[in-house]
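# Report on the structure
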Protein chains: 2
Amino acid sequence: MEQHALERFAGLAVDFSANVQPGQIVAIEAETGMEPIVRAVAERAYERGARFVDPTYFDPYVKRARLQHAPDDTLEFVPEWYGKRMLQLGEEHAARIVFVPRVSPGILNGVDPKRAGRDQLPDLEERLEIINKRLVNWTIMPFPTQSWADLVYPELDGEAALSRLTEELFHVCRLDENDPVTAWRERKETLHSVASRLTDRRFDAIRLDGPGTELTVGLLPTSLWEGGSTTTVDGVEHMPNIPTEEVYTTPDPTRAEGIVRATKPLDVGGTIINGLEVRFEGGRAVDIQADTGAEVLRERAAYDADASRLGELALVDREGRIGTLGTTFYNTLLDENAASHIALGNAYEITVGPEDVPNINKSAIHIDFMIGGDDVQVRGITGDGEQVPVLVNGTWQI
Amino acid sequence: MEQHALERFAGLAVDFSANVQPGQIVAIEAETGMEPIVRAVAERAYERGARFVDPTYFDPYVKRARLQHAPDDTLEFVPEWYGKRMLQLGEEHAARIVFVPRVSPGILNGVDPKRAGRDQLPDLEERLEIINKRLVNWTIMPFPTQSWADLVYPELDGEAALSRLTEELFHVCRLDENDPVTAWRERKETLHSVASRLTDRRFDAIRLDGPGTELTVGLLPTSLWEGGSTTTVDGVEHMPNIPTEEVYTTPDPTRAEGIVRATKPLDVGGTIINGLEVRFEGGRAVDIQADTGAEVLRERAAYDADASRLGELALVDREGRIGTLGTTFYNTLLDENAASHIALGNAYEITVGPEDVPNINKSAIHIDFMIGGDDVQVRGITGDGEQVPVLVNGTWQI
């Protein structure tokens, strides 16, 4: 990527997405090979008055070596200092900028999926704690890598694939706009406004219907919808995801019934899951089927007591830039913003009222997967059973 | 580097230098760009039964951005989790494998040396604590990088320079032997035996004389000499440095008198110091002069109360492989093994008896610099003033 493009990318990350404040510690997390963007972000952050920039490179090939060779009973082990660092980022009220993928898709191909499911790194449980407490202004953004590009555009040769991925990521990150920040401010206002109207409706449940999907997800009495930006305890507004096209809430973990079919392939820690179909009963994923890779998701869903329950429900309209591209990115950050989705595992405390915090799902995992595109119809179900159209053919009805 | 060469390198690091034990956590520290050796070491360590491999890549360009842009009063700041991780490696009795350089020489050229002297990363004070307590089986080894090769062989083009550096590092690491481990076992025995005879002599001081050098360094009553391998509290033998050609001890920090001239350029955290000359009085470096880069060393020597006192004295004979090459590597691990040397700053507790531990030098810095080659004559001075030849023209006399 050219220096000018890197600086544009870094500017959006530091000045707007994470909204780095003078005097802050800035953690940057990336995959090995992403040095150019990490260095551009570091420079921008120091120019903006950061106190310290702490880059962490995750090496997916060391993870691969672990999954291939390490003793079976060690795969869940994570050194104490990994989680402590994350909690200390919270204590310091740091900024955190994450570039994905941190395990480029394809790198773990051929690894025993049962073993792969047991090593959750680079994800850390403690990450959810500092997010829920709103201690850190954070953002996740995509950065193009060669092995990722090769998977997304198998019909192109290496260089062309990488340049195509770079171009599409620039487009979906609105970096091809004259003023990306203004473009994101506008999109953020739309998402805020839809989220606020959804919260006002106080639906008891959301019903999703589409090809292979008939799912009802219960909401909690205080479930709130959010979208676009969020704000830390210190009042620092930031964009947790760029791109983001979703509004989301925390569901009732005891109430999910029906079947969902994922219309796009899903990348879970480097393994591709194709043709995923999940059946829910009493809030639990009781049956997980897929054409490839089902084992990895089954392993994750059995990771702890409530890993098979829902921690998130998100809706996406057709105005986003990802769905219209038609590209499958094999990356949750992008693919989840092409379509409405749910997540197994841990829930965000920030999208319920304080009285419901004890009732939300708790788990060490959080795995999003897409339910479908504009052909999935979404209705809200009120406390007295009335069904209200929410999304029809990808357009908001409320 | 070819896969076969990487595996040979990794095998020496894991099986012999660090001597990784089954069940251990293995920390690998390297510069960004050294992924090939880090991955080869990770694979070998897992094959050997490591519990977890924790690679850390230090990014020298992020350090450069800091030195260029960060506010002046932040340059000494190090996040709490850096030191805590190091101490926890000690608590876990981990293995630690470090590849140098971690800031390839030349990368910090042009940076204000006063500012450069205040940021000691990637060095951490806590490293010395776990070494002194012998908690970790550790090793430091060199790995070739392009910017390093360009500095060492300015007369060669990029590719030829890198391939020459690779070849010379293989030679000095004895990786060009049929059986590198046996070659190192033999060299280690020589160093052990010299060290043991030096310890038995109980010299009161060591006198070094050569071109531009007339220095007397006092020893402590219990100063011990070591060389080659050392052993952890758990009895794991390891080679702290590969290559290593030195025997070393901990001097009396209150007694150093005279002048030393460094015959080779010295790399201090990425800045090259040429023509260094240091005058000692009462144990302190009271005057530091150089043709280039003197400021960086002055800054380090003023880092804390005793940074200007000596923490190490080491002697090198002419049988080593580095001096005979005639190459200046601009890297302490290599250049210090070409010649006898001293270090400013923190002392190793392991080379004195327990009763002298309170008397050794304490500092947050430790900077080695070379005194000369085979033209430096070394004598031991006994308690009653007798002068005993130790090294004459690079050959042991005791």
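Definitions and cut-offs
All residue numbers refer to position in the chain's written sequence, counted from 1. Each chain takes a letter, starting from A, and each ligand takes a number, starting from 1, following the order in which they are written. Residues qualify for local features only when their pLDDT is at least 70, as the model is predicted, and side-chain atom pairs are given and counted only at 80 or more; totals for whole chains, interfaces and linings, by contrast, use all residues. Values shown for side chains rest on all heavy atoms present in the structure; no hydrogens or waters enter the calculation. Helix and strand assignments come from DSSP, with helices taken as H or I runs of at least 4 residues and strands as E runs of at least 2, each series counted from the N terminus. In this setup the radius of gyration rests on C-alpha atoms only. A globule is expected at 2.2 Å times the number of residues raised to 0.38. Relative accessibility decides the category of a residue: with a 1.4 Å probe and only protein chains considered, values under 20% of the type maximum give buried, values over 50% give exposed, and everything between is partly exposed. Copies overlap after least-squares fitting; the atoms used are the C-alpha atoms of residues with pLDDT of at least 70 in both. Basic side-chain nitrogens of Lys or Arg form a salt bridge, by our definition, when they fall within 4 Å of a carboxyl oxygen of Asp or Glu. For two strands to be treated as a pair, DSSP must find no fewer than two bridges joining them. It only takes one pair of heavy atoms within 4.5 Å for two residues to be counted as in contact. Stacked, edge-to-face and tilted labels apply to pairs of Phe, Tyr and Trp rings (six-membered ring for Trp) whose centres lie within 6.5 Å, assigned for plane angles under 30 degrees, over 60, and everything in between, in that order. Here the quantity called buried area is the total loss of accessible area, with a 1.4 Å probe, experienced by two parts when brought into contact, counted for both. Using protein atoms alone on a 1 Å grid, points that fit a 1.4 Å probe yet trap it form a cavity, whereas open point sets bounded by protein on both sides within 12 Å along at least five of seven lines form a pocket; residues with an atom within 4 Å of a point count as lining. Grid points are joined across faces, edges and corners, and a volume is the space filled by probe spheres set on the points. Throughout, the ten residues Ala, Val, Leu, Ile, Met, Phe, Trp, Tyr, Cys and Pro are labelled nonpolar, Asp, Glu, Lys and Arg are labelled charged, and all others, Gly among them, are labelled polar.

Our next topic: the overall build of chain A. Looking only at helices and strands, chain A features 12 helices and 21 strands. Against the compact-globule benchmark of 21 Å for 398 residues, chain A has a radius of gyration of 20 Å, which places it among compact chains. Its C-alpha atoms give chain A principal-axis dimensions of about 55 × 50 × 45 Å. Looking at chain A as a whole, 61% of its 398 residues qualify as buried.

A few words now on the relation of the copies chain B and chain A. Between chain B and chain A, the superposition needs a rotation of 180 degrees and an axial shift of 0.0 Å, giving an RMSD of 0.0 Å. As the rotation angle and translation indicate, the two copies are arranged about a two-fold axis. Within chain B, the C-alpha atom positioned nearest to the axis of rotation is that of Y57 of chain B, 3.2 Å from it.

If you walk through the whole model with that rule in mind, you get 72 salt bridges over all chains. Across the pair D209 of chain B and R207 of chain B runs a salt bridge whose closest N-O atoms are separated by 2.9 Å. With a relative accessible area of 18%, D209 of chain B lands in the buried category. Three or more residues are tied together by salt bridges with common partners; here these are E29, D54, R85, R96 and R102 of chain A.

Moving on: the sheet that holds strand β14 (residues 277-281) of chain A. All names here are of chain A. Judged by pairing direction, the sheet is antiparallel, and its 8 strands sit side by side in the order β15-β14-β11-β6-β5-β19-β20-β21 without closing on themselves. The outermost strands of the open sheet, each flanked by one partner alone, are β15 (284-289) and β21 (395-396). By the bridge criterion, 6 bridges tie strand β5 (residues 205-210) to strand β6 (residues 213-219) in an arrangement that is antiparallel. Within β6, the position partnered with R207 by the bridge is T216.

Trans is the prevailing form of peptide bonds, just as negative phi is the prevailing case for residues other than glycine. Residues and elements named next belong to chain B. With omega at 0 degrees, the peptide bond leading from V100 into P101 counts as cis. With respect to the helices and strands, the residue P101 is situated in the loop between β3 (95-100) and α5 (113-116). In this structure, R202 takes a positive phi of about 50 degrees despite not being glycine. For Y330, which is not a glycine, the phi torsion comes out positive at approximately 55 degrees. The residue Y330 is located in the loop between α11 (321-325) and α12 (332-335) in this model. Judged by its relative accessible area of 17%, Y330 is buried.

All names here are of chain A. Locating I242 in the fold gives a position in the loop between β9 (237-238) and β10 (246-249). Judged by its relative accessible area of 0%, I242 is buried. Sequence separation between I242 and T139 is 103 residues; the distance between their C-alpha atoms is 7.1 Å. Residue contacts for I242: discarding those within four places in its chain leaves L12, F16, S17, T139, I140, M141, P142, C173, W184 and L333.

Next up on the list: the packing of aromatic side chains. On inspection of all chains with the given rule, the structure shows 14 aromatic pairs over all chains. For the ring pair Y82 of chain A and F52 of chain B, a centre distance of 5.7 Å and an interplane angle of 85 degrees mean the geometry is edge-to-face. Of this pair, Y82 of chain A sits in helix α4 (residues 80-91) while F52 of chain B sits in strand β2 (residues 52-58), which puts the two residues in different chains. Judged by centre distance (6.2 Å) and plane angle (70 degrees), the rings of Y248 of chain B and Y348 of chain B are edge-to-face. Of the two residues, Y248 of chain B sits in strand β10 (residues 246-249) while Y348 of chain B sits in the loop between β17 (340-345) and β18 (366-372), which places them 100 residues apart along the sequence. Among the residues examined, Y248 of chain B registers a relative accessible area of 11% and is labelled buried.

In this section: the interface of chain B and chain A. Chain B puts 39 residues into the contact, and the matching count from chain A is 38 residues. For the pair chain B and chain A, the summed buried area comes to about 3400 Å², and 65% of that belongs to carbon and sulfur atoms. Summed over the three residues of chain B that lose the most area to chain A, namely Y46, F52 and W81 of chain B, the buried surface amounts to 21% of that side. If you look at where chain B meets chain A, you find 2 salt bridges.

Here we take up the pairing of strand β4 (residues 137-142) of chain B. All names here are of chain B. Across the 6 residues of β4, 6 count as buried, placing the element largely inside the fold. Neither face of β4 is exposed, since N137, T139 and M141 on one face and W138, I140 and P142 on the opposite face are all buried. Summarising the sheet, β3 and β4 pair through 6 bridges and their orientation is parallel. Each bridged residue has a counterpart across the sheet, and for F99 the counterpart in β4 is M141.

Time to look at the layout of surface pockets. Here the largest pocket is characterised by a volume of approximately 250 Å³. As for the largest pocket, its lining consists of 14 residues, and the residues nearest its centre are Q3, E7, R39, A40 and E43 of chain B. Elements that contribute at least two residues to the lining of the largest pocket include exactly α3 (60-69) of chain A together with α1 (3-17) and α2 (35-47) of chain B. At 6 residues, α2 of chain B tops the list of elements feeding residues into the lining of the largest pocket. The class makeup of the residues in the lining of the largest pocket is 6 nonpolar, 2 polar and 6 charged.

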